[in-house]
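# Fold and contact review
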Amino acid sequence: MTDMRFPEGFLWGTATAAFQIEGGSASRGPSIWDTFCATPGKVYGGHTGDVAADHLRLWREDVRLMAELGLGAYRFSVSWPRVLAGGIGFYDQLVDELLSHGITPCVTLYHWDLPQELEAAGGWPDRETAYAFASYAAQVAEVLGDRVELWTTLNEPWCSAFLGYASGVHAPGRTSPADSLRAAHHLNLAHGMAAAALPARSRVGIALNPSAVRPLTPSAADADAARRIDALANRIFTGPLLHGAYPPDLLADTAAVTDWSFVRPGDEALIHQPLDFLGVNYYTPAVVSAAPDGNGPRADGHGGTAHSPWPAADTVAFHQPPGERTDMGWSIDPSGLYDLLMRFTREAPGLPLLVTENGAAYAPDVHDPLRIAYLEAHLATIHRALADGAPVEGYFLWSLLDNFEWSYGYSKRFGIVHVDYETQVRTPRSSARWYARLAREGAF
Ligand code: FCB
């Protein structure tokens, strides 16, 4: 035991998402990810979410597993297409089961599985999708709101907007820079409208994947590249969320792509709802430089593609930092998490922070010392941020189970519990034992 002791009441949880674990695709309508999986060449091995980790069938066993590991919280997402198909009862039961084991539920309303019919009607570039999300949020709150206190509206809206509508490596696989910026705004709007629709006793947040963006060199040109990416990755969300306005430099940088006339008077104020916490998902930092010849981006960690996820940023190049990497090829550098936690502590004084995702993909082995080392390094960083005044209230490890890793299909394993996809047998890895001890003792 070292001196890494965490505060009393710190939440120790794991995170999952509906499409990645549930399966049970026959009892809900299709989402954009079903369509994407069915499109040749989009997802590794043609893998689908039809069965996934079969959680829709095995959920009681999965909750029991969390209870056995002594985990105090669980972040899961509600499938919008399942709710549309009348399947909200599943989440109602899941919440009861969690609570009966003393596990605090944290509900994510949207983890990327847009109902296909809404994409057909225009998807996130269309303002109507935000209104549809607000009424879906109200419907979920109606059923779960008496027992669920912790809510995140959206998971990583950056990925939904820019991987979904600009680079096209995520569903729905569109490649329009202008549409991706419209999508980002309507996701922000959807957050604001949903936050306003949740019951007053809820604690409402959003799970962003802020980029810890660093210039390759101290040159003014590289600093400007970092500023541009910071605007597109971070301030496009935190601007309206925390300060009620889009940053002027973002609007100027992207002026050739869009005039932003889709932002209507009052929208930014609507997005600027009171937040009860900010969720931070963190895996790896980003290193950028100026590429005056216009040959960026590359090696940005979001899949090789001819289309950039960064609108109007072809003068920025991305670099793979030296050092160790996980099985995703993402470099391991916990200092990015420290920088982000301290940044939000300064930027939004007093706003509680939750690390809503952090974890690593490694080989399928049940003995996983590399994952433990990754987790230790990142938790030591969180401990340091706490000591330096960051109001971090909890940690959700990604992920409880091996699952469908989006365009990588089942080829990447993030679970602290191994899943045999043939038999659906769950086997806790060494990291699960390690994490259980941390949750029990509050220290490592
Ligand atoms: C995040 C996603 C999550 C998972 C991890 C590895 O971007 O929110 O669903 O895929 O990455």
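Scroll up to find the structure this text is about.
Read on for a plain summary of the structure. Each chain carries its own residue numbering, running from 1 in the direction its sequence is written. Per-residue local features of the predicted model are confined to residues with pLDDT of at least 70, and side-chain atom pairs are confined, for both listing and counting, to 80 or more; whole-chain, interface and lining totals are unaffected and use all residues. Processing note: side-chain calculations cover all non-hydrogen atoms of the structure and skip hydrogens and water entirely.

Along the chain, E119 falls in helix α6 (residues 116-120). Each residue's exposure class comes from its accessible area (1.4 Å probe, protein chains only) as a fraction of the maximum for that residue type: buried when under 20%, exposed when over 50%, partly exposed otherwise. The buried category is assigned to E119, whose relative accessible area is 11%. The contact definition used throughout considers only heavy atoms, calling two residues in contact when any of these lie within 4.5 Å. Not counting residues within four places of it along the chain, the set of residues in contact with E119 comprises I32, L114, W124, Y165, P172 and R174. Every helix listed is a DSSP run of H or I at least four residues long, and every strand listed is a run of E at least two residues long, numbered separately from the N terminus.

Below, the discussion takes up the site of the ligand. Whether a residue is near a molecule or strand depends on its heavy atoms: if one lies within 4 Å, it is near. The ligand sits among Q20, H111, W112, N155, E156, Y283, E357, W398, E405, W406 and F414. By the criterion applied in these results, polar contacts are pairs of N or O atoms within 3.5 Å in which, for protein atoms, one can donate a hydrogen and the other can accept it, and in which residues neighboring in sequence qualify only through two side-chain atoms. Take E156: an N or O atom from its side chain is 2.5 Å from an oxygen atom of the ligand. One of the side-chain nitrogen or oxygen atoms of E405 is found 2.7 Å away from an oxygen atom of the ligand. Method for areas: the Shrake-Rupley scheme with a 1.4 Å probe, in which residue coverage is limited to the protein chains shown. Its free accessible area being 290 Å², the ligand has 95% of it covered by the protein chains. Residue composition of the shell around the ligand, by class: five nonpolar, three polar and three charged. By the convention adopted, Pro, Cys, Tyr, Trp, Phe, Met, Ile, Leu, Val and Ala count as nonpolar, Lys, Arg, Asp and Glu as charged, and the other residues, Gly among them, as polar.

What follows is about the nonpolar core. Among the nonpolar cores identified, the biggest contains 153 residues, and W33, Y110, W124, F133, L341, I382 and Y395 are the most heavily contacted of them. If you tally residues by element for this core, the top one is helix α10 (residues 220-243), at 10 residues. The residues contacting W33, other than those within four sequence positions of it, are F19, V43, W112, V169, H170, A171, F404, W406 and S407. Throughout this description, the term nonpolar core refers to a set of buried Ala, Val, Leu, Ile, Met, Phe, Trp, Tyr and Cys residues connected via side-chain atoms within 4.5 Å.

The working definition used for a salt bridge is a side-chain nitrogen of Lys or Arg within 4 Å of a carboxyl oxygen of Asp or Glu. Scanning the model with the defined rule gives 28 salt bridges in all. Here E22 makes a salt bridge to R82, at a shortest N to O gap of 2.9 Å. Of this pair, E22 sits in the loop between α1 (18-21) and α2 (32-37) while R82 sits in helix α4 (residues 80-84), and the two are 60 residues apart along the sequence. By the burial criterion, E22 is buried, and R82 matches it. Salt-bridge contacts for D34 lead to R28; the nearest nitrogen and oxygen are separated by 2.7 Å. Via salt bridges that share partners, D224, R227, R228, D230, R235, D249, D253, R343 and E347 belong to a single interconnected network.

A few words on the sheet that holds strand β8 (residues 286-290). Strand pairing follows a simple DSSP-based rule, namely that at least 2 bridges must link the two strands. Pairing within the open sheet is mixed, and its three strands lie in the order β6-β8-β9. The strands lining the two open edges of the sheet, one partner per strand, are β6 (213-215) and β9 (316-319). Averaged over all pairs of adjacent strands, the angle between their axes in this sheet comes to 40°, without regard to strand direction. Bridge count for β6 against β8 is three bridges, and the pairing is parallel. Looking at β8, one finds that R214 is bridged to V287. Interaxial angle, 0 to 180 degrees, is taken between N-to-C directions of lines fitted to C-alpha atoms, where a helix line uses only the stretch in contact.

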